[in-house]
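# Observations on the model geometry
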Amino acid sequence: MDKPKPAVSKIHTAALEKGEQQNEASSSSSQQRRYPRAVRNWLILGLVLIFVQVVVGGITRLTGSGLSITKWEIVTGTLPPLNETDWLSEFDLYKATPQYGKMNEGMSLSDFKFIYFWEYFHRLWARMMGFAFIIPLAYFLFKGYIDRALGKRLALVFFAAALTASFGWIMVASGLIERPLVNAYKLSMHLGIAFITFGILLWTTFWTADVRLPARPSIRVRKLVYWTAGVLVVQILLGGMMSGMKAAIFYPTWPDLNGETIPAVLFNGANWTFENFVDYDKHPFMAALVQVLHRSTGYVVAFLIAFLGWVGFSSADLKIRQNLLGRRWSTALWITVALMVIQVLLGIGTLLFSKGGVIPVSWGVLHQAGALLLLSAVLYDVWLVRSNPA
């Protein structure tokens, strides 16, 4: 007599079929995101171009060159002055600015040409970036390399880039009326949007590469990465305000602030006025406040990254699954921790060398570039911990 066959649960069968469908959908989605190497290289080139633009922007700011060109001419401004008459005409326009009257009166034409070069190069690089994005984009669209999903992400990148350029002119215009320098809040917004543009493009690059971990880190590690990213964004915005207010020259000491843990000016309630927040360059209050906030937030970021490294490398959760997580996660943690240490040292160095009312260009630019690299590393960490396992 034949033995009866074991009954198979319909629910169990449906679950298996559903799982297979999900796996197929996941596999199909992964295949759909396999873009040609040329597209991925183009995105990486865009990241390099934006990184250089941020560095050149830092040089432009620290050399006081940002207000040397007083007009925003997208097309005709492509060419620099070509003869002595043109140079004198540009110089006369600059002489009408508050910066010349209050800070650079008596400047020679050769000195003007120096600051003009950096602002001109900053704008020229932005124009060149536009062509480097648009021309390949047209080709890739023609070849059918860019689908709707990637197209939406690229549209967001272009919007952020246009917003960055617009805020750049708004920032410059703020220094052509009354103040001899650009408005620090608008500078911080300009820098912040530039970093956002870079971040969106970087995230899009991760998405096209479809880099994943073979297993997810613990929820504790994931939350720690998210917190680190959030606090780092705040720190970068505070850094933009530090730069715009030239706050480093008010307290060029570390770990104290001119012998104080917290400047006494912050304990005087009479200084907490709306006018001091708006007219920050007329009172030392905002320089002290931004210094304290930037340093304190920097310490928090350093602690979070150091703790992330400790948890990521030594937690029992990782030890149990270290073979699954592999080298990719360990390498990402090492890079993040290393960049954090370098960035802290660059920040301290920038402070200590800001003597005589001048912020050292080399230290300031390296510190700004370091911030962008650290942001890139942390965003990579976020991408790894939030992505579904491969």
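Residues numbered from 1 in each chain as written. Predicted model: local features only at pLDDT ≥ 70, side-chain atom pairs only at ≥ 80, totals over all residues. Heavy atoms only, no water.

Applying the stated rule across the entire model yields 28 aromatic pairs. Ring centres of F117 and F121 lie 5.8 Å apart, and the angle between their planes is 10°; on these two criteria the pair is classed as stacked. You can see F117 and its partner F121 sitting in helix α5 (residues 109-143), 4 residues apart, about one turn around the helix. On the basis of an interplanar angle of 75° and a centroid distance of 5.9 Å, the ring pair of F133 and F158 is categorised as edge-to-face. Here F158 lies in helix α6 (residues 148-173) and F133 lies in helix α5, a separation of 25 residues in the sequence. We classify F133 as buried; its relative accessible area is 9%. Here a set of aromatic residues connected by ring pairs shows up, and it is made of W87, F91, Y94, Y100, F112, Y116 and Y120. Over the ring of F91 we find K95, and its NZ or CZ is 4.5 Å from the ring centre. (Phe/Tyr/Trp six-rings, centres within 6.5 Å; stacked < 30°, edge-to-face > 60°. Helix = DSSP H or I, 4+ residues; strand = E, 2+ residues; numbered from the N terminus. Buried < 20%, exposed > 50% of the residue type's maximum accessible area, 1.4 Å probe, protein only. Lys NZ or Arg CZ within 6 Å of the ring centre and 35° of its normal.)

On to the confidence of the model for the protein, then. When pLDDT is averaged across the protein, the result is 84; 86% of the residues are at 70 or more. Between residues 3-32, whose pLDDT stays under 50, and residues either more than four places distant or in other chains, the model counts 3 contacts. (pLDDT = per-residue confidence, 0-100. Contact = heavy atoms within 4.5 Å.)

A word on the side chain of Q343. Within the secondary structure layout, Q343 lies in helix α11 (residues 316-352). A distance of 2.8 Å separates the side chain of Q343 from the backbone oxygen of H367, its partner in a polar contact. If we ignore the near neighbours within four places in the chain, the residues touching Q343 are L366, H367, G370, A371 and L374. (Polar contact = N/O pair within 3.5 Å; in protein donor to acceptor, adjacent residues only side chain to side chain.)

Next up on the list: the side chain of R123. Examined against the element boundaries, R123 turns out to sit in helix α5. Those residues in contact with R123, other than ones at most four positions away along the chain, are I69, K71, W72, W169 and V172.

Axes are the key here: two packed helices are described by the angle between their axes and the distance separating the axes. Running from N to C, helix α8 (residues 219-245) and helix α12 (residues 361-386) point in directions that differ by 155°, and their axes come no closer than 9 Å. If you check the angle between α8 and α12, you find them roughly antiparallel. You can see that α8 and α12 cross each other, and the crossing is left-handed. Side by side, α8 and α12 meet where R222, V225, Y226, T228, A229, L232 and I236 of the first sit next to A371, L374, L375, V378, D381, V382, V385 and R386 of the second. (Axes fitted to C-alpha atoms, helices over the stretch in contact; angles between N-to-C directions. Parallel < 35°, antiparallel > 145°, perpendicular 65-115°, else oblique. Left-handed = near helix turned anticlockwise from the far one by under 90°.)

Attention now goes to helix α7 (residues 184-209). Taking 1.5 Å of rise per residue, 26 residues should cover 38 Å, and α7 covers 37 Å from first to last C-alpha, within 8% of that figure. N-cap assignment for α7: the residue whose side-chain oxygen lies 2.9 Å from the backbone N of Y185 is N183. Following α7 by one or two positions, D210 has its phi on the positive side, about 55°. (Expected span 1.5 Å × (residues − 1).)

It is worth spelling out the nonpolar core at this point. Residues W42, F195 and W329 are the most contacted members of the largest nonpolar core, which totals 58 residues. Within the residue set of this core, elements represented by two or more residues are α2 (37-62), α5, α6, α7, α8, α10 (285-314), α11 and α12. Sorting elements by how many residues they give to this core places α12 first, with 11 residues. Look past the residues within four positions of W42 in its chain and what remains in contact with it is A132, F133, P136, L137, F140, I146 and L154. Judged by nonpolar contacts, the second largest core, of 26 residues, contains V265, A287, A288 and I359. (Core = buried A, V, L, I, M, F, W, Y, C linked by side-chain atoms within 4.5 Å.)

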